[in-house]
Structures are given as C-alpha cells and as structure tokens.
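Each chain, letter by letter, is given below.
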Amino acid sequence: MLATMTCRKFKRVGIRGINKLVLLVMTILMSFALMVALSVTKTSVTLDEIRQIRRQPLKVDENTLAYSHNLLNDISQTDSNNRSMQVLTGTILNGGRSTGRLKLKEIYNLVVHGNAYQEVSTNNKHEHERVKKLPQVIIVGVRKCGTRALINMLGMHPDIVRPLNEVHFFDFDDNYAKGLEWYRKQMPFSHKNQITIEKTPAYFTCKKTPERVQRMNVSVKIIVIVRQPTIRVVSDYIQAVVKHNNKDKPPFKNFAELVMDNGKVDQFYKPIQTSIYCVHLSRWQQYFNKSQFHIVDGDALITDPYKEVKLIEQFLGVSDYYSPDNFYYNETKGYYCLRWGKESRCLGENKGRKSLYPNISEPLIARMNEFFGPYNEIFYNQTRHRFKWETIT
C-alpha cells in the first residue's frame, strides 16, 4: 500500500521534480562539507560571508560536472587523510594548528573559478574548460627571502594559478621518481589563458634540480627572490630556533657560535652557504638563458611591493592587473598586506617575527657583510643589477 502511494507521488512529481530534489540534496551536502572543513581548520567565517555564498546561483553543466569528477578523483588518490581538506581550504594541519587558511568565499572561488582570490570571467565557451598543466614558471627560492609573500601576491592575479603547497618534486628523489604525470596532477586546474606557477624555495640550492627542471621544459621561466645576505641568515636562524623550542629541547646555540668558527665566518654553516647566491645561480645559468630569469628584490618587496609585482607582470607577459590599491601597510604587523575588492589578507602570525631577532653586535654584522661582499659583487654581475646590500638598514 505504502509502496503504491510512493510510486504515485513520484509520477506526479515527474522527472523535473526529481532533478530539483537531487539539486537540493547536492546543495545541502556541499554546504555541510564546507562547514565541516571550516570547523576542522578553525577558520573564522561571518554569517554575512555564508549568506553571500548562499546567494550565489548553483550552476551545474557538463564542464562543472567533469571538473568535480576530476577533483574528487585527485582527492581520492592522495595518501594523507588530511589531503582532501588541504585541497579545499589550502590548509596545512600541523599539531592541531592551521596556517594559510582560506575564507569561505576564497574556497568558493578556488573550486568554481580555479583562483582563490579572483573570479575568472569569460565569454568564450572553450575557455571554461579546465585542465592541469605542468608549470610554465617556477619560483625556485631563496628560502627566508619572502617566497610566501610573493606567491600570495601573484595568486591575486586572474591570469595566474598555483598549487596550495610546496611540491618538492625536483629536490625530493622519492617525488621525482613518481614522474612528470604525478607532478602535473599536483598542479591546480587552470584555464587555457592562465599561467601555472609552482614555488619550492629548496630548489635554488639543490644541485640536481636545475638539470631536472631543464628536462621538463627548456623554456620554463624562473623567478628568484633574494634579500640582503646577512639578514637572510638571521631570518634562517630565527626559524630554526622557533622549530627547536617547539620540541622541548635544550636551548638552541647562540647566533654568534653558529656563524663564527675560530674568529672567521663559518662558510660551512648551511644558512651561510644559502646566502652565497652567486654559487647557486651559476649552477642554474648553466642550463638556462639569462633571459629566462627574473630576480626579485626581497627587501624592496617589503617596502614597495607594488613596484616589484609590476616588474613580474612584465616578465610573465600577463595582463596589467595590479594597482597601488591592492597593497596597504598594516601598522600592527609591520608589513604590507593584500587587498582585492572588499577582501584583504595578511601573512600568518609566524611571519615578521622581529621580536625574536637575536641581539647581534655591530662588529659581527660588519664581519658578515665583509664576508659576503666579494660574493655579492659576482652576483651583481650575474644579474646585471646592483642591490643595496652594503649596509643593513
């Protein structure tokens, strides 16, 4: 009796009604999934943001369904239980804490438009098709020079997409052994007219990386961001101290004890080696033409980010997008933050840790600057640009 009544009701509803019901269920499930993701990553979301997303019309066409199917396949093939959450939110779960979080609207833009910060609009039907491409541009370093800030700024551009995390394909042998197809699948979906950029700062100092990158693409564009070498060493030291102290170990060694050896700068101390830029750049220049490199002044990126990103725009050949309004100085944090439309974003609270800077004597700074001086001159000749590194301001 009950089964007969149910069948009659379905006949009255018809196919169109069933489609509406399925669409309603899909909407509820998507909303629930987003709420779970946000609750796990402790991302703050206002009711206005939720209402704004709910006002967005849910469009379901063949391209969207194909894109969703591919996205689910990529999530199901990952090794980590947290990876699917990272794909949705751009979050790295670390000891219950989360970094690099995206707001609900950014998650929506990331999934629907392929870019967390901009909605990509186009009238060309074929440009709606999204594929995963090998990167045409790689930010290879240098660590502790502002690579995170740089990739966040570039991520605002509607012509640029990038993976949410560092891939470490060319420097990790286990990853490299998985092949280029695996590497390609780590990239985000992109439109035909978009550029894919990957960032892994460890590439710059890894001896085997330049040749491996050349094997992938001899025409790839390479971005290197650098800072005053002594400042970079100090920043590297601070990060090591923070990681060390979080593990409840004995006090970390004093800065002077690590950088000096028998009254001389210890050139075998890894942070010192990383700051000898000319050695690493010469290795890269053996495999690529100088025209394929763009060197970003990391110190200038802090004081005048607009000027630096406009130079990168020209280097990449993308559309003229950035304006001074995209950057504003945050007095509390002490550095520039990003702004697009009514939205804004700053780096995580682990950035700009000036309060943790060690008390370094002026004679020690002078000795380090003197040590780096000859190497800096070689680097100036390599890049045909003279940086203002003689003194620390």
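Everything below is about the structure printed above this text.
Definitions and cut-offs
Residues take numbers from 1 onward in each chain, read along the sequence in its written order. With the structure being a predicted model, the display of local features is reserved for residues of pLDDT at least 70 and the display and counting of side-chain atom pairs for 80 or more, all residues being used for whole-chain, interface and lining totals. Water and hydrogen atoms were dropped before computing side-chain values, which therefore reflect all heavy atoms in the structure. Where helices and strands are cited, they refer to DSSP runs of H or I of at least four residues and of E of at least two residues respectively, numbered from the N terminus. Buried residues are those whose accessible area, probed at 1.4 Å on protein chains only, stays under 20% of the maximum for their type, while exposed residues exceed 50% and partly exposed ones sit between those limits. Residue contacts are defined here by distance: any two heavy atoms, one from each residue, within 4.5 Å place the two residues in contact. Residues scored as charged are limited to Lys and Arg (positive) and Asp and Glu (negative), so that His and the chain ends carry no count. A pair is scored as a salt bridge if a Lys or Arg side-chain nitrogen falls within 4 Å of a carboxyl oxygen belonging to Asp or Glu. Pairing of N or O atoms within 3.5 Å defines a polar contact, subject to two protein rules: one partner must be a possible hydrogen donor and the other a possible acceptor, and residues neighboring in sequence count only if both atoms are side-chain atoms. The definition used for a disulfide is geometric: two cysteine sulfur atoms within 2.5 Å. Residues enter a nonpolar core if they are buried and are Ala, Val, Leu, Ile, Met, Phe, Trp, Tyr or Cys, with the set joined through side-chain atoms within 4.5 Å.

*Asks:* How should I be thinking about the environment of Val131 in this particular structure?
*Replies:* Take Val131: it is sitting in strand S3 (residues 131–132). Given a relative accessible area of 45%, Val131 falls into the partly exposed group. Filtering out sequence-adjacent residues up to four positions away, Val131 remains in contact with Pro188, Phe189 and Ser190.

*Asks:* Please explain the side chain of Glu198 as it appears in this structure.
*Replies:* Its location among the elements puts Glu198 in strand S7 (residues 195–199). No salt bridge is formed by the buried Glu198. Its closest oppositely charged neighbour is Lys199, at 8.0 Å. A polar contact of 2.4 Å, which involves the side chain of Glu198, links it to the side chain of Thr200. Here the side chain of Glu198 touches Tyr203 through a polar contact of 3.1 Å, side chain to side chain. Those residues within four positions of Glu198 in sequence are excluded, and the remaining contacts are Pro135, Val137, Ile138, Ile139, Pro163, Val167, His168, Tyr183, Met187 and Tyr203.

*Asks:* What is the right way to look at the state of the cysteines in this model?
*Replies:* Covalent bonding between the sulfur atoms of two cysteines defines a disulfide. According to the stated counting rule, one finds 1 disulfide in the structure shown. Here Cys337 is linked by a disulfide to Cys346, with a sulfur-sulfur distance of 1.9 Å. A torsion of 105° about the S-S bond marks the disulfide between Cys337 and Cys346 as right-handed.

*Asks:* So what exactly am I meant to see when it comes to the nonpolar core here?
*Replies:* Soluble globular proteins tend to pack their nonpolar side chains together in the buried interior. Among the nonpolar cores identified, the biggest contains 73 residues, and Ile223 and Leu316 are the most heavily contacted of them. Residue contributions to this core peak at 6 residues, all from helix H16 (residues 362–383). Excluding residues that lie within four positions of it along the chain, Leu316 makes contacts with Val137, Ile160, Ile195, Ile197, Lys221 and Ile223.

*Asks:* Can you help me understand the pattern of salt bridges in this one?
*Replies:* Pairs can form between side chains of opposite charge whenever their charged atoms are close. Scanning the model with the defined rule gives 12 salt bridges in all. When the shortest N-O distance is used, the salt bridge between Lys199 and Glu166 registers 2.8 Å. Taken as a pair, Lys199 in strand S7 and Glu166 in the loop between strand S5 (160–161) and helix H7 (173–176) lie far apart in primary sequence, 33 residues in all. Under the relative-accessibility criterion, Lys199 is labelled buried at 8%. On the basis of relative accessibility, which here comes to 33%, the residue Glu166 falls in the partly exposed class. A single network of salt bridges, built from pairs that share partners, joins Arg143, Arg232 and Asp236.

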